[in-house]
Amino acid sequence: MCSAHRPALESVTVISNERLAEHVGRVVFEAPRTAAAIRPGQFVHLRIARGAAFILRRPFSVFRAGGGKLEVLYQVVGAATLALAEAEPGDGMDVIGPLGHGWEFPGGMAHALVVAGGLGIGPMGMLVEELARLGVASTLAQGAHSADRLLARDVFEDACRHVEVATDDGSAGRTGLVTDLMDDLVAADAPDVVYVCGPEPMQRIAAAKAAQAGIPCQVSLERLMACGVGVCLSCVVETTSGLLRACVDGPVFDASEVAWVGAGEAAVRQ
Amino acid sequence: MRVRIGALELRSPVMTASGTFGSGAEYSDFFELSRLGALVTKGVSFERWRGNDSPRMAETPSGMLNSIGLQNPGVEAFCAKDLVWLADADVPVIVNVVGHSVDQYVAVAERLDSEPVVSAVEVNISCPNVDAGGMAFGTSCSAAADAVRAVRAVTTKTLIVKLSPNVTDVTEIARAVEAEGADALSLINTLLGMKIDTRSLRPTLARGAGGLSGPAIRPVGVRMVWEVARSVQVPVIGMGGIMVAEDAVEYLAAGATAVAVGTATFVDPLSAISVIDGLQQFCAVRGIDRVADLTGAAWPERTS
């Protein structure tokens, strides 16, 4: 009933919680079971507080996992993430995890392009570490509003062969959108797979560029969800196979299967 | 802990609420389903229903709004997949039945009648999230009576009718469906509500309004169970915002024979189990022999 990779409830303890930029933080949990079981691109459903007016869990990508610890990057967008930002070492919470269908690693892959916009960097730490472990050369295209919001650069400098950045205000790298970096990187590296996470309009552009270049593309989509385990049908995604659930069929989807028409609302509503 | 609902004898008075438990497979990772009094499935229609556009869910103070719209694969796919899986689950199965018309309710109930895995049907005349049918049947005495009479004629299963709180006098509807042969009543379904996104100045849910659930609605549910249980002879299954055992005690004392745990399962998959354990403990501490003795314990004639 409780095989190692099936989702389970685990009590976790905050080990550290630091502010990385305005409204952005990194929390590390002691979570041995989930940390051992989770695969790149999967997520955890975190119960942040008890007795609060917000009762639902919040889904979070796991940035890195290992040594019994889960590392999560978060942005303060409401009461629940504010409570998370105020959590202190020693605080107890609980997670359901590991959840969802994560990144795929097709055989024979020599080079991967990883494209992350803003907090879309959230599921990319485990991804680039796994790519490195598999001997796949990875390039990261990272975009953010400004230089101080280019998160966790040290992780990528270590694990990626090459990192390119773009900022809206030009304070680091190229001025503009992260997807503006893609054409040159695709031409230079001829990646076998493109991995994408970020605001939905950005994901749609990245997916279109990958499709144009004939490169398979995986996207990690964000949806509001209640249960996180496939029951409530809050998080459905329109695909070529009909409505699929982001929580169990995703959050990672083959970009060519996502029906992007009408997309972008989710990002606006965050 | 045993209670009786129609022809069903349940090992515990705690069920799952429709739409919050799928058909059980997802939560079987977390506990043995056989511990439940009964498992109430997601609503099942005759044909496949696509459900509503997204966003379908919004969190609100101490609760949530949903406008899923009863997305489901239709009764044939449900029988072929969900019921086959449930056959091995060792838990009484109550199938929530939905329709846009009386004929559709009847078609689903008829199809389910030959399925031995199904212990009871719960006729959902109270979903606020569909345009035709759903709540429209549950907010008029005559429409509710028509639907229940038609389903009663084609089912030999225990027949539960799920009532809407979005009415002026829930006891009228309750008496009307009892008169047509309902074996039990379940209430409350979600309360109609709306949230506005203050950035876009548009409703947060794509559909506009949705159904409110969670602890925010518990006092409304308890009051309505009180009213209905005092107006009918058939057992009442109480639900709406039950998070812990004390909440279930409130419903039982208000007149419910059994209870259902819904939104709480999203918060903690083990909620229903905690409620079962907590109820048992409550009875033990209070020297209550049978949980059925709690039903209506708060009524004036019982407390005087």
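Note that the structure is predicted; figures quoted are calculated from it, not measured. (Residues numbered from 1 in each chain as written. Chains lettered and ligands numbered in written order. Predicted model: local features only at pLDDT ≥ 70, side-chain atom pairs only at ≥ 80, totals over all residues. Heavy atoms only, no water.)

Peer 1: Please explain the overall build of chain A as it appears in this structure.
Peer 2: From N to C terminus, chain A includes 7 helices and 16 strands. Since a compact globule built from 270 residues should have a radius of gyration of about 18 Å, the 18 Å found for chain A is in line with a globular shape. With the C-alpha coordinates aligned to their principal axes, the bounding extent of chain A is approximately 50 × 40 × 35 Å. Split into buried and exposed, the 270 residues of chain A put 54% on the buried side. Carbon and sulfur atoms form 50% of the exposed surface of chain A, whose accessible area is close to 10,500 Å². (Helix = DSSP H or I, 4+ residues; strand = E, 2+ residues; numbered from the N terminus. Rg over C-alpha atoms; globule rule 2.2 N^0.38 Å. Buried < 20%, exposed > 50% of the residue type's maximum accessible area, 1.4 Å probe, protein only. Areas by Shrake-Rupley, 256 points an atom, 1.4 Å probe, with all protein chains shown as cover.)

Peer 1: Any chance you could explain the pairing of strand 5 (residues 57-60) of chain B here in plain terms?
Peer 2: Regular strands have side chains that alternate between both faces of the sheet. All names here are of chain B. A two-sided burial pattern is seen for strand 5, the buried positions comprising Met57 and Glu59 on one face and Ala58 and Thr60 on the other. When strand 5 meets strand 6 (residues 63-66), the two strands line up antiparallel, connected through 4 bridges. Each residue of the ladder has a partner; that of Met57, found in strand 6, is Asn66. Hairpin connection of strand 5 to strand 6: 2 residues between the antiparallel strands, including Ser62 at a positive phi of 55 degrees. (Pairing = 2+ DSSP bridges.)

Peer 1: Looking at this structure, I do not really get empty space enclosed by the protein. What am I missing?
Peer 2: Taking a probe equal in size to a water molecule and rolling it over the atoms shows the remaining empty space. Residue and element names in this part refer to chain B. Under the defined criterion, the tally for this structure stands at 2 cavities of 30 Å³ or more. What the largest cavity holds in volume is close to 470 Å³. Forming the walls of the largest cavity are 35 residues, and the residues nearest its centre are Ser18, Thr20, Asn66, Asn189 and Thr190. Counting residues per element, the ones that place at least two in the lining of the largest cavity are strand 6, strand 16 (258-261) and helix 8 (263-267). Examining the composition of the lining of the largest cavity, we find that 3 residues originate from one element, helix 8, more than from any other. Across the lining of the largest cavity, the residue classes break down as 16 nonpolar, 17 polar and 2 charged. Of the voids in this model, the second largest cavity is the one considered here, and its volume is about 40 Å³. Residue lining of the second largest cavity: Met15, Thr16, Ala17, Ser18, Val40, Glu122, Lys162, Ser186, Ile237, Met239 and Ala260, and that is the complete set. Its residues assigned to classes, the lining of the second largest cavity comprises 6 nonpolar, 3 polar and 2 charged. (1 Å grid on protein atoms, 1.4 Å probe; cavity = no way out; pocket = protein on both sides within 12 Å on 5 of 7 lines; lining within 4 Å. Points joined across faces, edges and corners; volume = space filled by probe spheres on them. Nonpolar A, V, L, I, M, F, W, Y, C, P; charged D, E, K, R; others polar.)

Peer 1: Got a minute to help me understand the sheet that holds strand 7 (residues 93-97) of chain B in this structure?
Peer 2: The pairing of strands in a sheet comes from backbone hydrogen bonds and takes either a parallel or an antiparallel form. All names here are of chain B. An order of 3-16-15-10-9-8-7-4 is seen for the 8 strands of this open sheet, with the pairing classed as parallel. Bordering the open sheet on either side are strand 3 (14-16) and strand 4 (39-40), each of which pairs with just one other strand. As paired elements, strand 4 and strand 7 share 2 bridges and run parallel to each other. Paired with Val40 across the two strands is Ile94, which belongs to strand 7. Running at roughly 170 degrees to strand 3, helix 9 (residues 271-286) makes contact with strand 3 and strand 16 of the sheet. (Contact = heavy atoms within 4.5 Å. Axes fitted to C-alpha atoms, helices over the stretch in contact; angles between N-to-C directions.)

Peer 1: Just checking my understanding: could you explain the layout of surface pockets for this structure?
Peer 2: Its volume calculated, the second largest pocket comes out at about 770 Å³. What lines the second largest pocket is a set of 28 residues, and nearest its centre among them are A:Leu233, A:Arg245, B:Pro73, B:Lys81 and B:Asp82. Mapped by element, the contributors of at least two residues to the lining of the second largest pocket are strand 15 (242-245) of chain A together with helix 1 (75-86) of chain B.

Peer 1: Help me out: how do you make sense of the pairing of strand 9 (residues 137-144) of chain A in this one?
Peer 2: Residues and elements named next belong to chain A. In terms of burial, strand 9 is a largely internal element, 7 of the 8 residues being buried. Note that strand 8 (residues 111-117) and strand 9 share 7 bridges and pair parallel. Note on strand 9: the bridge partner recorded for Gly117 is Gly143. The pairing of strand 9 with strand 10 (residues 162-167) spans 6 bridges and is classified as parallel. Paired with Gly143 across the bridge in strand 10 is Ala166. Considered for its hand, the β-α-β crossover made up of strand 9, helix 4 (residues 153-159) and strand 10 is right-handed. (Right-handed = clockwise from strand over helix to strand, strands pointing away.)

Peer 1: Looking at this structure, I do not really get the packing of aromatic side chains. What am I missing?
Peer 2: Aromatic ring pairs are described here by two measures, namely the spacing of the ring centres and the angle between the planes. Counted according to the given criterion, the structure contains 7 aromatic pairs over all chains. Seen in terms of ring centroids, A:Phe105 and A:Tyr195 are 6.2 Å apart; in terms of plane orientation they differ by 40 degrees. Their pairing is tilted. Linking A:Phe105 in the loop between strand 7 (92-99) and strand 8 with A:Tyr195 in strand 12 (residues 193-197), this pair joins segments that are 90 residues apart in sequence. Residue A:Tyr195 is classed as buried on the basis of its relative accessible area, which comes to 0%. Judged by centre distance (5.3 Å) and plane angle (90 degrees), the ring pair of B:Tyr105 and B:Phe137 falls under edge-to-face. With B:Tyr105 in helix 2 (residues 102-113) and B:Phe137 in helix 3 (residues 135-138), this residue pair connects regions lying 32 residues apart in the sequence. Since its relative accessible area comes to 0%, B:Tyr105 is described here as buried. Taken together through their ring pairs, the aromatic side chains of B:Phe21, B:Tyr27, B:Phe30 and B:Phe31 make up a single cluster. (Phe/Tyr/Trp six-rings, centres within 6.5 Å; stacked < 30°, edge-to-face > 60°.)

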